[in-house]
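Structural overview
If you want the building blocks of each chain, they are given just below.
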Amino acid sequence: MNKPNPVTLYSDGCALNNPGPGGWASILVYQGVEKEIVGGEPHSTNNRAEMMAVITGLQALKRPCRVHIVSDSQYVIKGMTEWLPGWVRRGWQNAAGEPVKNRELWEKLAAVVALHEVSWEWVKGHAGHPYNERCDQLAKAHAEVFKLRAAQERS
C-alpha cells in the first residue's frame, strides 16, 4: 500500500428525537483539500448515524490510505478499538450475552476500515472544534430534510 500522506476524516451523526430522522456527515481533508459527504435516512438512532458518517466517509476514498478518523462518538471509537474483538469472539454477543446492536453496520464498518491503515481520535462534541461543528451542522441539516418530508407526507 502506497500511503505517503494521511487523510483526515472528521465525522458526526445525529437522529432528531433519537430515534427519528437521521443525518450524518463526514469531511475528508487531504493536503488542504476538503470533501464533504452527507447522507441520512428517515428513521435512525444517533449511534447508527455516527457509524454511517464514518462508513460513508471511508467509502468515498478511491484507494487504500492512511486515515486519521476524528469523531465525537465514543460508541464508534470504543466499538472499533476495544469491543469488536470480543463481540466477534462471542459470536456477536455483547458482554451481557445479548445480541450486539447494529451488527450489520459494525460488520460494514470493520470491512471498510480493514481496507485502510486507520488511527482514531476522540474529540468532545459541541466544544468548538471547527470540523466537528461543521459535521454536526451538516448532519442536522440532512436529518431536517427527512423530518420535513415526513411532515409533508402526513399533511
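In short, a report on the structure. Everything numeric in this text was worked out from a predicted model, so none of it was measured.

The next subject is the side chain of Glu50. With respect to the helices and strands, the residue Glu50 is situated in helix 1 (residues 46-59). For the buried Glu50, no salt bridge is present, and the opposite-charge side chain at shortest range is Lys140, 9.9 Å distant.

The subject of this paragraph is the sheet that holds strand 4 (residues 66-71). One open sheet holds the five strands; their spatial order is 3-2-1-4-5, and the pairing between them is mixed. The open sheet has two edge strands, strand 3 (33-44) and strand 5 (117-122), and neither has a second partner. Neighbour-to-neighbour, the strand axes of the sheet open up by a mean angle of 20 degrees, direction not taken into account. Relative to strand 2 (residues 20-30), strand 1 (residues 7-15) is paired through eight bridges, and the arrangement is antiparallel. Looking across to strand 2, one finds that Thr8 is bridged to Val29. Helix 2 (residues 74-89) contacts strand 4 and strand 5 of the sheet and is inclined by roughly 140 degrees relative to strand 5.

Once that is clear, we can look at the environment of Lys35. Tracing the chain through its elements places Lys35 in strand 3. Along the chain, Lys35 and Ser119 lie 84 residues apart, while their C-alpha atoms are 19 Å from each other. Those residues in contact with Lys35 that sit more than four places away from it in its chain are Ser26, Ile27, Leu28 and Lys62.

What follows is about the environment of Cys65. Among the secondary structure elements, Cys65 is positioned in the loop between helix 1 and strand 4. Taking the C-alpha atoms as reference, Cys65 lies 6.2 Å from Glu117; in sequence the two are 52 residues apart.

Packing of helix 1 against helix 3 (residues 103-113) leaves a shortest axis separation of 10 Å and a crossing angle of 30 degrees. As far as their axial angle goes, helix 3 and helix 1 are roughly parallel. Remark: the crossing between helix 1 and helix 3 carries left-handed chirality. Every residue of helix 3 that contacts helix 1 at Arg48, Met51, Met52, Val54, Ile55, Leu58 and Gln59 is listed here: Glu104, Leu105, Trp106, Lys108, Leu109, Val112 and Val113. Its residues assigned to classes, the contact of helix 1 with helix 3 shows ten nonpolar, one polar and three charged.

Parameters and conventions
Residues numbered from 1 in each chain as written. Predicted model: local features only at pLDDT ≥ 70, side-chain atom pairs only at ≥ 80, totals over all residues. Heavy atoms only, no water. Helix = DSSP H or I, 4+ residues; strand = E, 2+ residues; numbered from the N terminus. Buried < 20%, exposed > 50% of the residue type's maximum accessible area, 1.4 Å probe, protein only. Lys, Arg positive; Asp, Glu negative; His and termini not counted. Salt bridge = Lys/Arg side-chain N within 4 Å of Asp/Glu carboxyl O. Pairing = 2+ DSSP bridges. Axes fitted to C-alpha atoms, helices over the stretch in contact; angles between N-to-C directions. Contact = heavy atoms within 4.5 Å. Parallel < 35°, antiparallel > 145°, perpendicular 65-115°, else oblique. Left-handed = near helix turned anticlockwise from the far one by under 90°. Nonpolar A, V, L, I, M, F, W, Y, C, P; charged D, E, K, R; others polar.

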